[in-house]
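These are the residues of each chain, in order.
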Amino acid sequence: MDLRTTEAPPSTAERVAVDSVLGPPESGWFGGGRTALDGHVAIGGLSLARSRRHLLLPVLHALQEQVGWISLAALGYLCTRLDLPPAEAYAVASAYALFSFEPEARVVVHVCDDVACQAASGGDPTEELAARFGPAGSGTTVTWRPSPCLGHCEHGSAALVQVAGERGGCGSLAPFTARDMERLVALGSDLELGDLTTPLALVPQAGTGPTRLLRRVGRVDPASIDAYRASGGYRALRRALELGPMGVIAELKESKLLGRGGAAFPTGAKWEAVARNPLRPHYFVANADESEPGTFKDRVLLDHDPYALVEALTVAGVTTGAEKGFVYLRGEYPTAAARLEHAAAEARARGLLGDDVMGSGLRFDLEVRRGAGAYIAGEETALFNSIEGRRPEPRNKPPYPVDRGLFDKPTGVNNVETLLSTLEVLTLGGAAYAELGTPSSTGTRLFCLSGRVERPGLYEVAMGTTLGALLDLGGGVAGGRPLEAVILGGAAGSFVGPEDLGLPLSFEGAREAGATLGSGVVVVLDDTVDPGAVVARVARFFRDESCGQCVPCRVGTQRQEEVLGRLAADRPLGSLEAELALLADLDAVMRDASICGLGQTASSLVTSAVRRGLLGGEHGNGHAGSGGGGNGHGGGGSARQGR
Amino acid sequence: MTAVTPVTLRRQVELTIDGQAVTAGEGATILEACRAAGIEVPTLCYLETLAPVNVCRVCVVEVEGSRALVPSCSRPVAAAMVVHTASERVRTSRRMVLELLASSVDLSTAGRDVHRWIEEHGARPERHGPAAPPAERDHAHAGHHEPPEAGLAATVAQAVKRDNDQYVRDYAKCILCYKCVEACGEEAQNTFAIAVAGRGFDARISTELDVALPDSACVYCGNCIGVCPTGALMFVSEHDLRARGEWDESRQEVTRTVCPYCGVGCNLDLHVQDNRIVKVTSPLDHDVTSGNLCVKGRFGFEFAQGGS
């Protein structure tokens, strides 16, 4: 195509940032100096452009980190380098929250004000910041902005700090208080990434219980491949190579392992569909774009046991005939990114990745790709688009990823927890794994406990453990206060109440109760938390995270937030009944007519709050605990709202 | 291009639509099967000449056995499929899609069908509240937005973009159907001057960083105007006549001719009002153009009326 980009040249820093990913320009056609030869060669065309487009996101990251923002000139230069139309590059870049297109303060502090931190702090955690450091976006050297969940929920507060400069990047702080902000402001232009200390993970079970997925967390050095092997690492890969692909798939089927990403698809069947697909090449993707509010399990696992994911992805690759794997990691997890990169490099050096995996003659390697602040990129087909350098918009299904996924090739994609569970299946054996948990929900499951709970953190329990038993493990409601409600499954999940403590945490148990385990989120709310504020935050979240592709979700999430705003202000349009009817209609169209799971679940928590009578001021005061019987999800719940 | 179509017998698929036994060629979409059976299914982002993007969701239908509704414009028929195009679920979603659009977008120059569908489905855009005042939308930062103004319904209202002599972009009328992006890109022109930027309710059609069209890759082929279903993209001539209240289609004559500029042979439909050409289109079903033209055919008509 004929590219037309701005004639303004990039600054030196911009050029250096782009070249740090792409290397120096190949020729005058790609942003280098023109030579006489350039006029006599024909280059590339569409196939070349397509082969480089997947580098777009890494280049944008480099610009944001080193320069602090993405200018028109920088965009023009990167487009010349990648042979990409600037309008398309901007379309992609502007879909991510972590990129800016205007000069920014050198240090941007993204402060979590999402449901788990809100519940833990009993209010809006950014209020104090606004009072002391000015409104969001103010401050010339150091500024702050509210952020959706940063995945440090067990600490009850968190911030992601972007530092621009030659050695720029980002780091996390959790817990994060106004005192931390004071320190960042004091450091100002002297602030370096090294000034940010890596948050610890809270895993109260560490060293106490018979954990599986968590067995190494906090006990085994995440930077040492020897420590990993000494603690049982790479036994599963050896076993997988002995069994061969069909043997591994047989074990997975026998284990009855279901995907932990939300859809509960049988893992063995998915791997088999990829393995048997005659089209080549195959790809395998680890979905580590954990962004569901209240979820932090991937972060804990990848920060503290990165080799496990490297091994599990290798197992998946050699089993499904994929020679290339990707870890798509959420952009807000800098520690996990560094540790994963390190783990992959060590594994490569030991012959556990590369052209001859563990001496098997099989080839497999992986790349870590970072997201840039987009919940929707966790939807598997949007994730493929994101890796490919396209807008993170979900694709139409069918075709399904096992037929046409990443780069339009057969692709396996699993959540981190699912992949790590396959290691357990291989080391235990499928039959023994199936003995864990319940007959239909086998194995163990990770739960992210946060909010008003005594000992927040990541817990691992056998499938089928009751909600009450899990809360007991966490020491119950903080300070012994009365339990008001629990957000189960995440922003796309639902509320359950004190009467649901007997709910078995299994796929079928949740389904029967009209709930979902989702990503294992358990946010505990006591009587000091205003459920209306929680629901309003969730509505804002979906309004911010909708990709905007389809009408039901794009406009529906906006309208849903507006209705909740009116209800919170006790200023309903017409009557409360009219507003609730409107919410029900929005729920119907989003659930039934949206393209993907984001829109289809964007009203889930709101609807569940309405059914439980948590909304609507005095009118809807049929309280979770005081409502008669039932689990709050059936017709009885709706009837309470009917007057 | 029709030319010579080799006679291959497409396997026929039998399915049921609204209780009616229907036969359709394998690979046909549900929408095509509905239309062949004389069943109306509303569409907004669908166009015969473009690959379906199925984003507007107004064409959704209920397919038995499918959890969510499916977009009829892109879902192929399958044997023994049972489709409902007017069930309660379908009508609810359709009504809401129309209502959400009508409450947030200026549909005043959208086709007549759109207004008929809104009425037939009983969409009530006014129940979302009075419209919020126009807002700056071109620099919205993904993941951040101002809280909604109490009691007001956010819209995409904004100032008209007029940065060249050929056409205006009135994105207050944009339903984000992606057609202009497709026509500018791979589906027709391969210029890629515009794309969907931002996300969620702030998603918008944009050049890179919203530069003006003359600074963008735009070649003024106007193929985006040709596919726009709501009049968001409009000839300057039409826009100005409308602004003066002088646009009157009942006084217009449409004359089909062949473009005089080169040998391709594109058909032009000249829309003439008061003996002046006010707009040029090309028929969608024309073998050569499929509705597409270049800058000369689309805008190079001033010489015919004594202009320079």
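Now for a look at the structure at hand. (Residues numbered from 1 in each chain as written. Chains lettered and ligands numbered in written order. Predicted model: local features only at pLDDT ≥ 70, side-chain atom pairs only at ≥ 80, totals over all residues. Heavy atoms only, no water.)

A closer look at the nonpolar core
Generally speaking, nonpolar side chains in soluble globular proteins are found buried as a group. Residues and elements named next belong to chain A. Counting 213 residues, the largest nonpolar core has Leu 78 and Phe 495 as the members making the most contacts within it. The element contributing the most residues to this core is helix H13 (residues 306-320), with nine residues. The next biggest cluster of nonpolar side chains, apart from the first, holds 24 residues, and it includes Leu 471, Leu 503, Phe 507 and Ala 515. (Core = buried A, V, L, I, M, F, W, Y, C linked by side-chain atoms within 4.5 Å. Buried < 20%, exposed > 50% of the residue type's maximum accessible area, 1.4 Å probe, protein only. Helix = DSSP H or I, 4+ residues; strand = E, 2+ residues; numbered from the N terminus.)

Some thoughts on the sheet that holds strand S10 (residues 252-258) of chain B
All names here are of chain B. With antiparallel pairing, the three strands of this open sheet are ordered in space as S10-S11-S12. Edge positions in the sheet fall to S10 and strand S12 (276-281), since each of these pairs with one other strand and no more. Adjacent strand axes in the sheet meet at a mean angle of 30 degrees, parallel and antiparallel pairs treated alike. Examined bridge by bridge, S10 and strand S11 (residues 267-273) share seven bridges and lie antiparallel to one another. The residue bridging Glu 253 from the neighbouring strand is Val 272, located in S11. (Pairing = 2+ DSSP bridges. Axes fitted to C-alpha atoms, helices over the stretch in contact; angles between N-to-C directions.)

Examining helix H12 (residues 297-304) of chain A
Burial of H12(A) is extensive: eight of the eight residues sit out of reach of the surface. Among the residues of H12(A), Lys297(A), Asp298(A), Arg299(A), Val300(A), Leu301(A), Leu302(A), Asp303(A) and His304(A) are the ones counted as buried.

A short note on the pairing of S11(B)
Residue and element names in this part refer to chain B. Extensive coverage of S11 is indicated by the burial of seven of its seven residues. Burial along S11 is two-sided: the residues Asn 267, Asp 269, His 271 and Gln 273 and Leu 268, Leu 270 and Val 272 are all buried. The pairing of S11 with S12 spans five bridges and is classified as antiparallel. Bridge pairing in S12 links Asp 269 to Thr 281. Joining the antiparallel neighbours S11 and S12 is a turn of two residues, in which Asp 274 adopts a positive phi near 50 degrees.

A word on the pattern of salt bridges
Per the stated rule, a full pass over the model turns up 64 salt bridges over all chains. Arg363(A) is the salt-bridge partner of Glu323(A), the closest N and O atoms lying 3.9 Å from each other. Taken together, the residues Glu323(A) in strand S6 (residues 322-329) and Arg363(A) in the loop between helix H14 (334-349) and strand S7 (365-370) connect sequence positions 40 residues apart. Arg251(B) is paired through a salt bridge with Asp274(B); the nearest N and O atoms lie 2.7 Å apart. Taken together, the positions of Arg251(B) in the loop between helix H6 (236-243) and S10 and Asp274(B) in the loop between S11 and S12 put the pair 23 residues apart, joining distant regions of the chain. Relative accessible area serves as the criterion here: at 42%, Arg251(B) is assigned to the partly exposed category. (Salt bridge = Lys/Arg side-chain N within 4 Å of Asp/Glu carboxyl O.)

Thoughts on the interface of chain A and chain B
Many structure descriptions define interface size as the accessible area lost when the parts assemble. Facing the 63 residues of chain A at the interface are 65 residues of chain B. Taking both sides of the interface into account, the surface hidden between chain A and chain B amounts to around 5100 Å²; carbon and sulfur atoms contribute 54%. Across the contact surface, chain A and chain B share five salt bridges. Of the charged contacts, one joins Asp592(A) and Arg89(B) as a salt bridge, the two residues approaching to 2.7 Å between their closest N and O atoms. (Contact = heavy atoms within 4.5 Å. Buried area = accessible area lost by both parts, 1.4 Å probe.)

Treat this as a map of the structure, not an account of what it does.
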